[in-house]
Amino acid sequence: MAYYTERHGMRRPVAKTYDISIEKYALLLHCCEKYYNNLAWKYPAQCPDGHGCCGIDFKQLRLDLQYEIPTLYRDYSENIAVPTVHHNVFDSDDEESEYDQYALLDLIEFFAENVRDVVVGSFHSYFGHYHLTCQNSRNVCAQFRDEINSIFQKTGLLYELNTNLQVERIVENSPLTPAIESAIAAVKEAGARELLQEAILLHRSPYPADIRDAVEKLWDAYERLKTYYTTMNKAKSAEKIVNDMAAGQAPYVTLFDTEFRALTKIGNDYRIRHHETDKVEITDVRYYDYFFNRCLSLIALAIQYLQ
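Nothing here was measured: the structure is a model prediction, and the numbers come from that model. (Residues numbered from 1 in each chain as written. Predicted model: local features only at pLDDT ≥ 70, side-chain atom pairs only at ≥ 80, totals over all residues. Heavy atoms only, no water.)

1. Regarding the pairing of strand E6 (residues 129-134)
In the case of a regular strand, side chains alternate between the two sheet surfaces.
Inference 1: Strand direction decides the pairing type here: strand E5 (residues 118-124) and E6, joined by five bridges, are antiparallel. Its bridge partner lying in E6, Phe123 is registered against Tyr130.
Inference 2: Hairpin remark: E5 followed by E6, antiparallel, with four residues in the connecting loop; positive phi at Gly128, about 70°. (Pairing = 2+ DSSP bridges. Helix = DSSP H or I, 4+ residues; strand = E, 2+ residues; numbered from the N terminus.)

Right, dumping it as structure tokens:
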């Protein structure tokens with residue numbers, strides 16, 4: 001639903017970010033907590049009067065998550081909780097608890113993978129709980145996914161829980177389109193195709209290590225692509241790709257050849273494919289998106305001219 005101020009263009013755009021603040025963390029965690037009963041099939045608490053499941057056994061859940069998601073934020077009692085902000089009357093600056101925002105994304109995937117439908121039965125007044133009947137169906141998963149994605153969207157978090165129940169980051173203004181993915185899937189050379197598809201999968205991951213590895217995979221694909229024509233050496237194969245792209249037009253031969261050489265130099269000079277101490281460190285994770293987009297743009301054009 002679009003509210004009045006949204007419909008009439010009176011609301012300021014929400015700032016887009018990959019950083020999950022404590023407030024946004026709280027919204028996402030509270031959304032997960034609403035679905036605790038839907039995990040009761042996996043961690044059942046039993047009614048003392050023998051009437052079956054009456055909810056989730058949090059002790060079992062906490063113990064399992066210590067190993068499933070070890071860096072998930074917990075309070076002093078080892079309960080899964082929202083990180084806290086500490087106010088100091090003698091200092092104007094508040095101090096936030098340290099937390100791993102990516103562990104929260106793991107928790108979201110954990111819920112998405114494990115929630116099942118549940119029927120809430122009679123209320124047991126003596127113990128103050130309801131009796132639950134756990135189902136094998138997973139219709140509730142779609143509802144959970146919609147709620148999580150709604151929070152991502154309204155808070156400006158550039159993530160999405162996809163239909164495979166994995167959290168992907170949303171890369172705005174990316175050259176990566178469904179048409180390009182289809183073209184990549186049609187690349188005949190299996191090695192290059194697999195590297196490109198692996199790079200795209202890693203590029204969508206929210207985890208910085210995967211974003212870094214995506215660029216390395218993409219450059220590996222780029223270098224392999226230059227050897228696409230196996231009856232020629234690497235230089236001649238790359239030259240044929242450039243000439244086919246340019247359709248023999250000298251200005252475009254120069255343009256594409258210059259870009260091929262520039263990307264080769266980037267791959268050699270920066271810490272992308274090589275990790276010697278003399279390579280230029282990539283000091284900001286956002287630079288990886290630039291490198292990925294630049295290399296992918298050339299590859300996406302080149303593969304349209306492969307024979």
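The discussion continues.
2. Comments concerning the environment of Ala238
Inference 1: Relative to the assigned elements, Ala238 resides in helix H9 (residues 234-246).
Inference 2: On the basis of relative accessibility, which here comes to 15%, the residue Ala238 falls in the buried class.
Inference 3: Between the C-alpha atoms of Ala238 and Tyr228, which are ten residues apart in sequence, the distance is 7.9 Å. (Buried < 20%, exposed > 50% of the residue type's maximum accessible area, 1.4 Å probe, protein only.)

3. A short note on the packing of helix H2 (residues 22-33) against helix H5 (residues 140-155)
Inference 1: Remark: H2 packs on H5, axes separated minimally by 10 Å, with the N-to-C direction vectors making an angle of 170°. Taken together, the axis directions place H2 and H5 in an arrangement best described as roughly antiparallel. Two secondary-structure elements touch here, H2 through Lys24, Leu27, Leu28, Cys31 and Cys32 and H5 through Phe144, Glu147, Ile148, Ile151, Phe152 and Thr155.
Inference 2: Here the contact of H2 with H5 is built from residues that sort into eight nonpolar, one polar and two charged. (Axes fitted to C-alpha atoms, helices over the stretch in contact; angles between N-to-C directions. Parallel < 35°, antiparallel > 145°, perpendicular 65-115°, else oblique. Contact = heavy atoms within 4.5 Å. Nonpolar A, V, L, I, M, F, W, Y, C, P; charged D, E, K, R; others polar.)

4. As for the pattern of salt bridges
Inference 1: Summed over the entire model, instances satisfying the criterion amount to 18 salt bridges.
Inference 2: Lys217 is the partner of Glu198 in a salt bridge, and the nearest nitrogen-oxygen pair spans 3.0 Å. Of the two residues, Glu198 sits in helix H7 (residues 190-203) while Lys217 sits in helix H8 (residues 208-225), which places them 19 residues apart along the sequence.
Inference 3: A salt bridge links Glu281 to Arg271; the nearest nitrogen and oxygen atoms lie 3.2 Å apart. Of the two residues, Glu281 sits in the loop between helix H10 (250-269) and helix H11 (285-302) while Arg271 sits in the loop between H10 and H11, which places them ten residues apart along the sequence.
Inference 4: The class of Glu281 is partly exposed, set by a relative accessible area of 46%.
Inference 5: Each member of the salt-bridge network shares a partner with another, and the members are Glu223, Lys226 and Lys234. (Salt bridge = Lys/Arg side-chain N within 4 Å of Asp/Glu carboxyl O.)

5. Brief notes about the packing of H7 against H11
Inference 1: Where H7 contacts H11, the two axes come as close as 12 Å, and the packing angle between them is 150°. The two elements H7 and H11 cross, and the hand of that crossing is left-handed. Residues Leu196, Ala199, Ile200 and His203 of H7 lie in contact with H11, whose contacting residues are Asp289, Phe292, Asn293 and Ile299.
Inference 2: Taken together, the residues of the contact of H7 with H11 break down into five nonpolar, two polar and one charged. (Left-handed = near helix turned anticlockwise from the far one by under 90°.)

6. Quick notes on the state of the cysteines
Inference 1: A complete count under the given rule lists zero disulfides for this structure.
Inference 2: A disulfide-free cysteine, Cys53 has its sulfur positioned 4.4 Å from the sulfur of Cys134, the nearest such atom.
Inference 3: We note that Cys141 lacks a disulfide partner, and the nearest cysteine sulfur, in Cys31, lies 12 Å from it.
Inference 4: The class of Cys141 is buried, set by a relative accessible area of 8%. (Disulfide = S-S within 2.5 Å.)

7. Points about the confidence of the model for the protein chain
Inference 1: For the protein chain, the average pLDDT comes to 92, and 98% of its residues sit at 70 or higher.
Inference 2: Mean pLDDT across the elements of the protein chain ranges from a minimum in strand E3 (residues 85-86), with 76, to a maximum in helix H4 (residues 101-114), with 98. (pLDDT = per-residue confidence, 0-100.)

8. Here we look at the layout of surface pockets
Inference 1: Computed from the structure, the largest pocket encloses a volume of approximately 530 Å³.
Inference 2: Lining the largest pocket are 23 residues, and of these Glu6, Val14, Ser150, Gln153 and Lys154 lie nearest its centre.
Inference 3: For the lining of the largest pocket, the elements supplying multiple residues, two or more each, are helix H1 (4-7), H5 and strand E7 (159-161).
Inference 4: No other element matches H5, which puts five residues into the lining of the largest pocket. (1 Å grid on protein atoms, 1.4 Å probe; cavity = no way out; pocket = protein on both sides within 12 Å on 5 of 7 lines; lining within 4 Å. Points joined across faces, edges and corners; volume = space filled by probe spheres on them.)

9. Let's talk about a negative patch on the surface
Inference 1: On the surface, Glu23, Asp93, Asp94 and Glu96 cluster together into a patch of negative charge.
Inference 2: Assignment of secondary structure puts Glu96 in strand E4 (residues 95-96). (Patch = residues over 30% accessible without salt bridge, like charges linked within 9 Å, V, L, I, M, F, W, Y side chains within 5 Å. Areas by Shrake-Rupley, 256 points an atom, 1.4 Å probe, with all protein chains shown as cover. Lys, Arg positive; Asp, Glu negative; His and termini not counted. Charge placed at Lys NZ, Arg CZ, Asp CG, Glu CD.)

10. Observations concerning H7
Inference 1: Taking 1.5 Å per residue, 14 residues should reach 20 Å; H7 reaches 20 Å between its end C-alpha atoms and fits that length.
Inference 2: All of the buried residues in H7 are Gly191, Ala192, Leu195, Leu196, Ala199, Ile200, Leu202 and His203. Taken end-on, H7 shows its buried residues confined to a sector of 165°, consistent with a single buried face.
Inference 3: The N-cap of H7, judged by a side-chain oxygen 3.2 Å from the amide nitrogen of Gly191 a few residues on, is Glu189. (Expected span 1.5 Å × (residues − 1). Arc of directions from axis to C-beta. Polar contact = N/O pair within 3.5 Å; in protein donor to acceptor, adjacent residues only side chain to side chain.)

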